[in-house]
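Here are the chains, one letter per residue:
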Amino acid sequence: MTKKLITFLLMNLGAFFVAVNVHFFLSPNNLATGGVSGMSIVLNSLFPGISIGLFMILVNIVLFILGIIFLGFQFGAKTIYTSFALSGYVWLLELVVPITAPLSDDILIQLIIGQCIAAIGMGIVFHQRASTGGTDIIAMILNKYIKVEIGRAVLFSDLAVALSSSLLFGPQAGMYAFFGVILNGLMIDYTLQQFNANKEVVIISQESALIRAFIVGELGRGATIHTAKGAFNYEQKEVITTILGRKDLSRLKNYVGKQDEKAFITVHNMNEILGQNFKRLA
């Protein structure tokens, strides 16, 4: 129950961060950087009587209906909730903190700050194994019927929204929107890497027995032992592979350095780790 409550709160926090970007940075500058928010900003310019938050709710409803028709019920409850939570937060901000003009004359700095805030929010949402829906549904439909890769389909749909903004708001807004789409993808990837601070560590040492005991006994982590041969003299060696956080990695490096100065260690960034004591497979 505690984990579910934390997940619920984090999903709302992530959705709120994305809503802050939409309301304070994208909407006042007519920056449609893809997604349902971008579509809603474009639609709001055509039909100003309807708020962006309400448009987001309506667009999400249409997209989920299309998804059910073309894909079936493939949407998790978390994604459905987060999609409408994001729309609701934008609508609420429009009512509570109305914005009539951009916060600054510098559009670029607003775009960068806003996309950074949104990337943190999206990273939090993705870390809870949810998404904000929207263009993901369009991408899934394109993937099923045209065999376009999901990631490429999401990019195409977001770029299409950015292109429509250039037709409505002018080439400058369109170029900023294109840049925002690219920046958002890079920032989300970076944010997710920060959430997943674990590293794969591979160690080759003459003192492998001591190092293995330190990993299991002192750090309380598991390890896998491989037998390998050196390329020069065919000498058999033990190769230890383990997954550690930054703090434990620092302790391990200090320990190995004291036990064997000639030890060979490689450290790899891990995009995602599934199973056992890490993220669940399903």
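No experiment lies behind these values; they were computed from the predicted model shown. (Residues numbered from 1 in each chain as written. Predicted model: local features only at pLDDT ≥ 70, side-chain atom pairs only at ≥ 80, totals over all residues. Heavy atoms only, no water.)

*Asks:* Help me out: how do you make sense of helix α5 (residues 107-127) in this one?
*Replies:* The α-helix advances 3.6 residues per turn, and as a result positions three or four apart in sequence lie on the same side. Here α5 is 21 residues long and its end C-alpha atoms lie 30 Å apart, about the 30 Å a rise of 1.5 Å per residue gives. Where α5 is buried, its residues touch α1 (2-26), α4 (77-96) and α8 (171-195). By the N-cap criterion, in which a side-chain oxygen at the helix start approaches the backbone nitrogen of a residue two or three places on, α5 is capped by aspartate 106, the distance to leucine 108 being 3.1 Å. Looking one or two residues beyond α5, the residue adopting positive phi is arginine 129, at roughly 65°. (Helix = DSSP H or I, 4+ residues; strand = E, 2+ residues; numbered from the N terminus. Expected span 1.5 Å × (residues − 1). Contact = heavy atoms within 4.5 Å. Polar contact = N/O pair within 3.5 Å; in protein donor to acceptor, adjacent residues only side chain to side chain.)

*Asks:* Looking at this structure, I do not really get the side chain of serine 40. What am I missing?
*Replies:* Summarising the element assignment, serine 40 is placed in helix α2 (residues 35-46). Take serine 40: its relative accessible area is 0%, and that puts it in the buried class. In this structure the side chain of serine 40 is engaged in a polar contact, spanning 2.8 Å, whose partner is the backbone oxygen of valine 36. Once residues within four sequence positions are removed from consideration, serine 40 is found in contact with Ile52, Phe55, Met56 and Val59. (Buried < 20%, exposed > 50% of the residue type's maximum accessible area, 1.4 Å probe, protein only.)

*Asks:* Explain the packing of helix α3 (residues 52-71) against α4 to me, please; I cannot follow it from the model alone.
*Replies:* Two packed helices can be described by the angle between their axes and the distance between those axes. Direction vectors running N to C along α3 and α4 enclose 160°, while the axes themselves pass 7 Å from each other. By the criterion of interaxial angle, the relationship of α3 to α4 is roughly antiparallel. Judged by the sense of rotation from one axis to the other, the crossing of α3 with α4 is left-handed. In this structure, α3 contributes Ile52, Gly53, Leu54, Met56, Ile57, Asn60, Ile61 and Phe64 to the contact, and α4 contributes Thr79, Ile80, Ser83, Phe84, Leu86, Ser87, Val90, Trp91 and Glu94. (Axes fitted to C-alpha atoms, helices over the stretch in contact; angles between N-to-C directions. Parallel < 35°, antiparallel > 145°, perpendicular 65-115°, else oblique. Left-handed = near helix turned anticlockwise from the far one by under 90°.)

*Asks:* Explain the confidence of the model for the chain to me, please; I cannot follow it from the model alone.
*Replies:* Detailed reading of the predicted coordinates is not advisable wherever pLDDT falls low. In this model, the chain carries an average pLDDT of 85, and 93% of its residues clear a pLDDT of 70 or more. Mean pLDDT in the chain bottoms out at helix α6 (residues 135-146), which sits at 76, and peaks at α1, which reaches 92. (pLDDT = per-residue confidence, 0-100.)

*Asks:* Honestly, the nonpolar core in this entry has me stumped. Any pointers?
*Replies:* Nonpolar side chains in soluble globular proteins tend to end up buried together. Counting 32 residues, the largest nonpolar core has Val22, Leu26, Ile52, Met56, Leu86 and Val90 as its most contacted members. Secondary-structure elements contributing two or more residues to this core are α1, α2, α3, α4, α5 and α6. At 8 residues, the largest contribution of residues to this core is made by α1. Contacts of isoleucine 52, omitting those with residues within four sequence positions, involve Val22, Ser27, Ser40, Ile41, Asn44, Val90 and Glu94. Counting 12 residues, the second largest nonpolar core, distinct from the first, contains Ile203, Ile215, Ile240 and Leu252. (Core = buried A, V, L, I, M, F, W, Y, C linked by side-chain atoms within 4.5 Å.)

*Asks:* Is there a simple way to think about the packing of aromatic side chains in this case?
*Replies:* Ring pairs (aromatic) are described by centroid distance and by the angle formed between their planes. Applying the stated criterion across every chain yields a total of 6 aromatic pairs. Between phenylalanine 16 and tyrosine 89, the ring centres sit 5.6 Å apart and the planes meet at 85°, which makes this aromatic pair edge-to-face. A residue pair is termed long-range when its members are at least 10 positions apart, and phenylalanine 16 in helix α1 and tyrosine 89 in helix α4 qualify at 73 residues. Exposure remark for phenylalanine 16: the relative accessible area of 33% places this residue in the partly exposed category. With centroids separated by 5.8 Å and ring planes inclined at 25°, the aromatic side chains of phenylalanine 64 and phenylalanine 84 adopt a geometry described as stacked. (Phe/Tyr/Trp six-rings, centres within 6.5 Å; stacked < 30°, edge-to-face > 60°.)

*Asks:* Please explain the environment of valine 267 as it appears in this structure.
*Replies:* With respect to the helices and strands, valine 267 occurs in strand β4 (residues 264-269). Each C-alpha atom, one on valine 267 and one on valine 90, is 42 Å from the other, the two residues being 177 residues apart in sequence. Not counting residues up to four positions away in its chain, the partners in contact with valine 267 are Lys199, Glu200 and Leu249.

*Asks:* I keep staring at the sheet that holds strand β3 (residues 236-244) and nothing clicks. Help me out?
*Replies:* The strands making up a sheet associate through backbone hydrogen bonding, with each pair oriented either parallel or antiparallel. Pairing is antiparallel across the open sheet formed by 4 strands, whose spatial order is β2-β3-β1-β4. For this open sheet the edge positions go to β2 (224-229) and β4, each flanked by a neighbour on one side alone. The mean inter-strand angle of the sheet, taken between neighbouring strand axes irrespective of direction, is 20°. Pairing between strand β1 (residues 199-204) and β3: 6 bridges, direction antiparallel. Its bridge partner lying in β3, isoleucine 203 is registered against isoleucine 240. Helix α9 (residues 208-218) rests against β1, β2 and β3 of the sheet, and its axis sits at about 15° to β3. (Pairing = 2+ DSSP bridges.)

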